[in-house]
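# Observations on chain architecture
Given next are the chains, with one letter for each unit.
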Amino acid sequence: MNVTHLECAACGTKYEAQRLHNLCTQCGKPLLVRYDLKRAAASLTKESLPGRGPDLWRYREVLPVEQDENVVTLGEGFTPLVHASRLGAQMGLHQLFIKDEGQNPTQSFKARGMAAAVSMAKELGAQKLAVPSAGNAAGALAAYAARAGMEAHIFMPRDTPRANVIECEQTGAQVTLMDGLITDCGAEVARRKEAEGWFDVSTLKEPYRIEGKKTMGYELAEQFDWDLPDVIMYPTGGGTGLIGMWKAFDEMEQMGWIGSKRPRMVTVQAAGCQPIVRAFEEGKRFADEFPNARTTASGLRVPKAIGDFLIIDALRASDGTAIAVTDEELIAATKEIGAAEGIFCAPEGAACLPALRKLLADKLVMTDERVVIFNTGSGVKYVESFSI
Ligand SMILES: Cc1ncc(COP(=O)(O)O)c(C=O)c1O
Ligand SMILES: [Zn+2]
């Protein structure tokens, strides 16, 4: 296939492809997959796309799996881009869109990353996979590991939404609930993985989840007929989707599919856990761990992200920004979006609405611009959030 090598996102050290890797052994930062894009572009053409399947594997040439038989799939990707005309009109916006990632297998965008990671784990011979998760990544890993006939060992905070815990159990995973945050769960995986023979598929600690998630960027370009939107609102925890889309835009430019114009990337976080917003406002490139992280939007409860510098670089390079909203605002927004557009958003996705309102009020977004809200999951998983 077209992968040439892996490369450290921070220090540039190169690594051989087709071997299991976690972080850069030189500096401890994430590795990114690099492709021979000229070669990829020879068969992956814009014209070829309409004849391909409606899932993320339509971008096969820029995905890392070598052998087709190793692709582990449940039909992830190619989610609808919904024109939210009623919701938009309420704010004077005529070109507001919702990318509805809740329609993925396991009801969140985490399916994209896990489809790629589990496929690569299969190709490279891993048998036992482990992950710390805020909930949705766990559900996705459990499903794809089951599909691949592998073991999934999952560590989640004890107060993770019940639906996430139940779905992992019902899809055959080994679930451990911990007192603490996702960072504590990650430390437990790191402590035990060697003795247990687990491969760690923590976000950005292996190079392939981002490859699955970058397909959101390819899809947006395709769905907007190769003219990217002006603004992307992205609920950011670990940031894999934002970093992945940013990578996808560069790849598409190198293949001659799009020009150098980029959407303004906006990180949306919860007021109770906003490490990226803080770092962005303070002009820093690396974020401090956010103390006493709390929010009902469990996917945003990530006090420390290993890819912080990649998120912040993309926000700055795109002339974007970072903004936080309260839990009251994001919960109210869930009903507003649901009632206006019929999409029952995850609270993380709903957080984009009050954030957008603030940007409109501050004239950082204009009403004639094309804006995309990422609804990263389904509200169905979060019944506890709505029964307060
Ligand atoms: C529904 C939902 N939205 C957003 C996020 C944050 O995702 P990312 O790690 O790509 O920033 C998560 C992560 O758990 C999530 O489950
Ligand atoms: Zn490095």
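So, a few notes on the structure that sits alongside this text. (Residues numbered from 1 in each chain as written. Chains lettered and ligands numbered in written order. Predicted model: local features only at pLDDT ≥ 70, side-chain atom pairs only at ≥ 80, totals over all residues. Heavy atoms only, no water.)

### Let's talk about the overall build of the protein
In plain terms, the rule: Starting at the N terminus, helices and strands are each numbered in turn, a helix being any DSSP run of H or I of at least four residues and a strand any DSSP run of E of at least two. Computation of the radius of gyration draws on C-alpha atoms alone. For the globule rule, the value is 2.2 Å times the number of residues to the power 0.38. Only protein chains enter the area calculation, which uses a 1.4 Å probe; residues under 20% of their type maximum are buried, those over 50% are exposed, and those in between are partly exposed. To be clear on the numbers: accessible area is Shrake-Rupley with a 1.4 Å probe, and residue cover counts the displayed protein chains and nothing else. Within this scheme the basic residues Lys and Arg register as positive and the acidic residues Asp and Glu register as negative, but His and the chain ends are omitted. Where a charge sits is defined by one atom per residue type, namely NZ (Lys), CZ (Arg), CG (Asp) or CD (Glu).
Secondary structure assignment for the protein yields 15 helices and 13 strands. Here the C-alpha radius of gyration of the protein, 19 Å, is about what a compact globule of 388 residues would show, namely 21 Å. The 388 residues of the protein split such that 61% are buried. Total accessible area on the protein is roughly 14,700 Å²; 48% of this is exposed by carbon and sulfur atoms. Side-chain charges in the protein split into 43 positive and 50 negative, and the spacing between the mean points of these groups amounts to 1 Å.

### Description of the packing of aromatic side chains
Worth spelling out the cut-off: Note on aromatic pairs: the rings of Phe, Tyr and Trp (six-membered ring only in Trp) are paired at centre separations within 6.5 Å, and the planes decide the class, stacked below 30 degrees, edge-to-face beyond 60, tilted for the rest. In our convention, an over-ring charge means Lys NZ or Arg CZ found within 6 Å of a ring centre and within 35 degrees of that ring's normal.
If you walk through the whole model with that rule in mind, you get 10 aromatic pairs. Here Y234 and F374 contribute two aromatic rings whose centre-to-centre distance is 5.9 Å and whose plane-to-plane angle is 65°, an arrangement assigned as edge-to-face. Pair noted here: Y234 is in strand 10 (residues 231–235) and F374 is in strand 13 (residues 371–375), with a separation of 140 residues, a long-range link. Among the aromatic residues, ring-to-ring pairing joins Y59, Y218, W226 and W257 into one connected group. Between the NZ or CZ atom of R58 and the centre of the ring of F78, over which it lies, the distance is 4.0 Å. The ring of F109 carries the charged tip of K213 above its face, separated from the ring centre by 3.8 Å.

### A closer look at the coordination of the zinc ion (ligand 2)
Stated precisely, the cut-off is as follows: A donor here means an N, O or S atom no more than 2.8 Å from the metal, or no more than 3.2 Å when the metal is Na, K or Ca. Since water is not included, a site may seem to lack partners. Every geometry call rests on angle ranges, with four donors termed tetrahedral when all angles are between 85 and 135 degrees, four termed square planar and six termed octahedral when opposite donors are over 155 degrees apart and all others are between 65 and 115, and everything else termed irregular.
On the protein side, the zinc ion (ligand 2) has C8 (SG), C11 (SG), C24 (SG) and C27 (SG) as donor atoms, found 2.3 to 2.4 Å from it. Considering all 4 donor atoms around the zinc ion (ligand 2), angles at the metal cover 99 to 116° and the coordination shape is tetrahedral. One chain supplies every donor for the zinc ion (ligand 2), spaced along it as C-x2-C-x12-C-x2-C. Here C11 is found in the loop between strand 1 (3–8) and strand 2 (14–15), whereas its partner C24 is found in the loop between strand 2 and strand 3 (31–35), with 13 residues between them in sequence. Judged by its relative accessible area of 40%, C11 falls in the partly exposed class.

### Regarding helix 6 (residues 182–196)
Working note: α-helix, 3.6 residues per turn, so residues spaced by three or four point in the same direction. What counts is decided by this rule: For a helix, the expected span equals 1.5 Å multiplied by the residue count minus one. At any given residue, the bend is defined as the angle formed between two axes, one fitted to the seven residues that end at that position and one fitted to the seven that begin there. Should any heavy atoms of two residues lie within 4.5 Å, those residues are considered in contact.
Its 15 residues give helix 6 an end-to-end C-alpha distance of 20 Å, which sits within 8% of 21 Å, the value for a rise of 1.5 Å per residue. Along its length, helix 6 shows its largest kink, about 25°, at A190. Three or more residues of helix 6 are buried, namely I182, C185, G186, E188 and V189. The elements touched by buried residues of helix 6 are strand 6 (128–132), strand 7 (151–157), strand 8 (174–178) and strand 9 (199–200). Among the residues trailing helix 6, G197 stands out with phi positive, at a value near 75°.

### Re the site of ligand 1
Put simply, the rule reads: Note on definitions. A residue lies near a molecule or strand when any single heavy atom of the residue is within 4 Å of it. Residues adjacent in sequence count toward polar contacts only when both atoms are side-chain atoms; beyond that, a polar contact is any pair of N or O atoms within 3.5 Å, and within protein one must be able to donate a hydrogen and the other to accept it. As defined here, a cavity is a set of points on a 1 Å grid over the protein atoms alone where a 1.4 Å probe fits but cannot get out. A pocket is an open set with protein on both sides within 12 Å along at least five of seven lines, and residues line them when an atom is within 4 Å of a point. Think of it this way: if more than half of a molecule's atoms are within 2 Å of a pocket's grid points, that molecule is in the pocket or cavity. Residues are grouped as follows: nonpolar covers Ala, Val, Leu, Ile, Met, Phe, Trp, Tyr, Cys and Pro; charged covers Asp, Glu, Lys and Arg; every other residue, Gly included, is treated as polar.
Not every one of the 16 residues close to ligand 1 is listed here, only the nearest: N136, Y234, G237, G239 and T376. Here an oxygen atom of ligand 1 and a side-chain polar atom of K110 are 3.3 Å apart. In this structure, an oxygen atom belonging to ligand 1 sits 3.3 Å away from a main-chain N or O atom of G241. The site holding ligand 1 turns out to be the largest pocket. Listed by contribution, the elements that provide at least two residues to the shell around ligand 1 are strand 10 and helix 9 (240–254). Of the residues belonging to the shell around ligand 1, the class tally is 4 nonpolar, 9 polar and 3 charged.

### Things to note about the sheet that holds strand 4 (residues 81–83)
Short version of the rule: Following DSSP output, two strands are said to pair if at least two bridges run between them. Note on method: axes are straight lines fitted to C-alpha atoms, helices fitted across the in-contact stretch only, with angles between N-to-C directions ranging 0 to 180 degrees.
Spatial ordering of the open sheet is given by 4-5-13-10-11-12, a layout of 6 strands whose pairing is mixed. Each edge of the sheet is formed by a strand with only one pairing partner; in this case those strands are strand 4 and strand 12 (321–325). Within the sheet, the average angular offset between the axes of one strand and its neighbour, ignoring direction, is 25°. In terms of strand pairing, strand 11 (residues 264–270) meets strand 12 through 5 bridges, oriented parallel. Looking at strand 12, one finds that Q269 is bridged to A324. Where helix 12 (residues 327–341) meets the sheet, its contacts fall on strand 4, strand 5 (96–100), strand 11 and strand 12, and the angle it forms with strand 12 comes to roughly 95°. The strands that helix 14 (residues 352–361) touches are strand 5, strand 10, strand 11, strand 12 and strand 13; relative to strand 12, the one it contacts most, it runs at about 120°.

### Some remarks on the pattern of salt bridges
Note the following rule: Note on definitions: salt bridges are taken to be side-chain nitrogens of Lys or Arg within 4 Å of carboxyl oxygens of Asp or Glu.
Under the criterion given, the structure shown has 29 salt bridges. R60 is the salt-bridge partner of D68, the closest N and O atoms lying 2.7 Å from each other. Residue D68 is classed as exposed on the basis of its relative accessible area of 57%. Its salt-bridge partner being E211, residue K247 comes within 2.7 Å of it at the nearest N-O pair. Within this pair, whereas K247 is found in helix 9, its partner E211 is found in helix 7 (residues 209–213), the two being separated by 36 residues in sequence.

### Structural notes on the packing of helix 8 (residues 215–223) against helix 9
Definition in use: Angle categories: roughly parallel below 35 degrees, roughly antiparallel above 145, roughly perpendicular from 65 to 115, and oblique for all the rest. Note on convention: the crossing is left-handed when the near helix lies turned anticlockwise from the far helix by less than a right angle, right-handed when the turn is clockwise.
Between helix 8 and helix 9, the shortest axis-to-axis distance is 7 Å and the interhelical angle comes to 55°. As the angle between them shows, helix 8 and helix 9 are arranged oblique. Crossing angle aside, the handedness with which helix 8 passes helix 9 is right-handed. Every residue of helix 9 that contacts helix 8 at M216, G217, Y218, L220 and A221 is listed here: G241, M245, A248, F249, E251 and M252.

### A closer look at the packing of helix 9 against helix 11 (residues 308–317)
Interhelical geometry of helix 9 versus helix 11 gives an angle of 55° and a closest axis separation of 9 Å. Here helix 9 is positioned oblique relative to helix 11, judged by the angle of their axes. Taken as a pair, helix 9 and helix 11 cross one another with a handedness that is left-handed. Residues L242, I243 and W246 of helix 9 lie in contact with helix 11, whose contacting residues are L310, I311, A314, L315 and A317. Of the residues in the contact of helix 9 with helix 11, the class split is 8 nonpolar, no polar and no charged.

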